[in-house]
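# Understanding the architecture of this molecule
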Amino acid sequence: STLSFINKTELLVANLPYGLSRELVVATALCDTFNIPRQHIGGISALLSSASSHVPEIKSRMGLYADEFQDELLRGDPGQPLVPTDRELAIMKPLKIFKQGEIVAVSSSTDSNQLIYGIVTKTQD
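The rules behind the values
Residues numbered from 1 in each chain as written. Predicted model: local features only at pLDDT ≥ 70, side-chain atom pairs only at ≥ 80, totals over all residues. Heavy atoms only, no water. 1 Å grid on protein atoms, 1.4 Å probe; cavity = no way out; pocket = protein on both sides within 12 Å on 5 of 7 lines; lining within 4 Å. Points joined across faces, edges and corners; volume = space filled by probe spheres on them. Helix = DSSP H or I, 4+ residues; strand = E, 2+ residues; numbered from the N terminus. Buried < 20%, exposed > 50% of the residue type's maximum accessible area, 1.4 Å probe, protein only. Axes fitted to C-alpha atoms, helices over the stretch in contact; angles between N-to-C directions. Parallel < 35°, antiparallel > 145°, perpendicular 65-115°, else oblique. Left-handed = near helix turned anticlockwise from the far one by under 90°. Contact = heavy atoms within 4.5 Å. Nonpolar A, V, L, I, M, F, W, Y, C, P; charged D, E, K, R; others polar.

## Side note on the layout of surface pockets
Gaps left between atoms show up when a probe the size of a water molecule is rolled over them. There is about 560 Å³ of room inside the largest pocket. Along the wall of the largest pocket there are 19 residues; nearest its centre are Ala90, Ile91, Ile103, Val104 and Ala105. Those elements giving two or more residues to the lining of the largest pocket turn out to be helix H4 (84-89), strand E3 (103-107) and strand E4 (115-119). The element contributing the most residues to the lining of the largest pocket is E3, with four residues.

Written as structure tokens, this is what we have:
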């Protein structure tokens, strides 16, 4: 964007107009650069503007927490294995009509016994 620039080792921020915070500009740049949906700008901005001692509480309130293997942070990401909770709750519904954007469980192409997350990209009317 015109307010920031990211290269391999630096993130530069321009002189900002009144009312626009550095954290908001950095959060926007991170989302755009790393293909993070822009709906997360507010949360990233909140984390960036917080003291490090408050980050665990903020992450907890936002539902962003990591388990020992970081599984929960990958929950719902296409191609990632289902987290244990979702594996237990998964049921087969062969006649279910899916909606575009819905998160689903599908068999992995490399291991048919493993379920991975997928997103419905197109449906028939």
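## What to know about the side chain of serine 4
If you trace the backbone, serine 4 turns up in strand E1 (residues 4-6). Classification of serine 4 by relative accessible area gives buried; the value is 11%.

## Concerning the packing of helix H1 (residues 22-33) against helix H2 (residues 41-48)
Contact pair H1 / H2: the axes reach a minimum separation of 8 Å and the direction vectors enclose 130°. As summarised for this structure, H1 and H2 are arranged oblique, according to the angle between their axes. Handedness of the H1/H2 crossing: right-handed. Of the residues in H2, those in contact with Glu23, Leu24, Val26, Ala27, Thr28, Leu30 and Cys31 of H1 are Ile41, Ile44, Ser45 and Leu48. Split into classes, the residues belonging to the contact of H1 with H2 amount to eight nonpolar, two polar and one charged.

Everything listed here is a matter of coordinates, which is why it stays silent on function.
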